[in-house]
Amino acid sequence: MRIAVTGASGLIGTALTASLRADGAEVLRLVRRPARAADEVCWDPSAPNGAVNPGALEDVDGVVHLSGASVAERRWTPARKQELRASRVSSTSALVAGILAAPEPVPVLLCASAVGWYGDTGDRKVDEAAQSGRGFLADLVRDWEAAAASAATAGIRVASLRSGIVLSSRGGMLPRLLPSFRLGLGARIGSGDQYLSWITLADHVRAVRFVLDRADLTGPVNLTAPTPVTNAQFTAALAAAVHKPALLRLPAGLLRLALGEMSGELLASCRAVPSRLDRAGFTFADSDISAAIRTAMNDAAAWPRDTAAGT
Ligand SMILES: NC(=O)c1ccc[n+]([C@@H]2O[C@H](COP(=O)([O-])OP(=O)(O)OC[C@H]3O[C@@H](n4cnc5c(N)ncnc54)[C@H](OP(=O)(O)O)[C@@H]3O)[C@@H](O)[C@H]2O)c1
């Protein structure tokens, strides 16, 4: 099996690449700099056709598109919002154009997406059948998924991986929270009643590979554990994992002041459940938040950092 991956240097991409390779698959990494290794191909997400050499995608059994500027890294200035959009929507259109130019049809495109699609869902459970919500992220995700879906018109199987917060010690939310929780400064955010949809990195990688293998899975697929938790439950579980109390509360107003519009995403509630994975027979290794946090805190050695062929 030969799989091309964009964003292969990221949290999910590194783990997915290592997992595929461990099982004998060949991984072609689409990199945004000049290629330096035999398993790398240069691409330019800002070029209209991705500037991918069409021959490079010959004999590829699937493409997994994971690239995108980090949503939580910086304050959402107008320039940053433009970058978040371009690195997802334009990059996906560019990649699709590159895929369509390949000499042989690429059978499947899996494109990263996010539960941000649903917007603020309050206490209501939502699955893939729900309408998209409102707000910057919901709009962005809708356009991102539409850009990926355009490949389906050429007969390519397209699935959008609507991920919840990925829990891992290697990147994402957990390493950002752990230092303050270890000092006993862990805090609920706002009311703490808002739901958080999460998944461990290990389950995420297994789920991506499951979708890759299942020819019947197209369209949106929620990659979230079946048990979303409230922010208060998550805070208590993380504090217990580091054997510290978490008695503080971060007022919503303060968060708005510090983070601006981005604070809306931390205060929004998303209770997404993985109906399509459930129906397809996928089983989650981690569905209890306390056990999942322990798994995630100890996953540093699970996948080698540099998975370049021959390094
Ligand atoms: N982690 C989560 O909790 C989570 C939750 C929901 C959705 N997702 C989505 O899943 C995808 C992968 O997530 P991740 O956590 O692995 O992300 P990540 O660690 O931030 O990695 C994303 C990769 O995208 C590429 N990239 C960075 N900035 C870019 C830019 N401005 N333009 C184009 N490409 C850029 C980089 O790869 P190269 O340098 O190799 O090109 C980077 O390693 C993302 O699209 C993310 O939005 C993640």
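Preceding this section is the structure that the text describes.
Every value quoted in this text rests on a predicted model; they were computed, and no experiment measured them.

Draft legend 1. Looking closely at the site of the ligand. As a matter of local geometry, the ligand sits amid 22 residues, with S9, L11, I12, R32 and R88 nearest to it. S9 is positioned such that a nitrogen or oxygen atom in its side chain is 2.8 Å from an oxygen atom of the ligand. For the ligand, the protein covers 78% of the area, taking 880 Å² as the surface of the free molecule. Elements that contribute at least two residues to the shell around the ligand include exactly α1 (11-22), α2 (78-100), β5 (108-114) and β8 (165-167).

Draft legend 2. Fine view of the sheet that holds strand β1 (residues 2-6). Read across the sheet, 7 strands follow the order β3-β2-β1-β4-β5-β7-β12 without closing on themselves; strand pairing throughout is parallel. Of all the strands in the sheet, just β3 (40-42) and β12 (219-223) have a single pairing partner and so form its edges. The mean inter-strand angle of the sheet, taken between neighbouring strand axes irrespective of direction, is 25 degrees. By the bridge criterion, 3 bridges tie strand β2 (residues 26-31) to β3 in an arrangement that is parallel. In the sheet register, L30 faces β3, and the bridge partner there is V41. Against the sheet, α2 makes contact with β1, β2, β4 (62-65) and β5, and its axis sits at roughly 170 degrees relative to β4, the strand it touches most. Those strands touched by helix α3 (residues 136-149) are β5, β7 (157-163) and β12, and its axis lies near 180 degrees from that of β5.

Draft legend 3. Local environment of the environment of G184. Mapped onto the fold, G184 is located in the loop between α4 (173-182) and β9 (187-189). Not counting the four nearest positions on each side in its chain, G184 is found in contact with K244 and P245.

Draft legend 4. Local environment of the nonpolar core. Residues V64, L109, L110 and L277 are the most contacted members of the largest nonpolar core, which totals 73 residues. By size, the runner-up hydrophobic cluster in this structure holds 18 residues, among which are L178, V229, A292 and A296.

About the cut-offs
Residues numbered from 1 in each chain as written. Predicted model: local features only at pLDDT ≥ 70, side-chain atom pairs only at ≥ 80, totals over all residues. Heavy atoms only, no water. Near = heavy atom within 4 Å. Polar contact = N/O pair within 3.5 Å; in protein donor to acceptor, adjacent residues only side chain to side chain. Areas by Shrake-Rupley, 256 points an atom, 1.4 Å probe, with all protein chains shown as cover. Helix = DSSP H or I, 4+ residues; strand = E, 2+ residues; numbered from the N terminus. Pairing = 2+ DSSP bridges. Axes fitted to C-alpha atoms, helices over the stretch in contact; angles between N-to-C directions. Contact = heavy atoms within 4.5 Å. Core = buried A, V, L, I, M, F, W, Y, C linked by side-chain atoms within 4.5 Å. Buried < 20%, exposed > 50% of the residue type's maximum accessible area, 1.4 Å probe, protein only.

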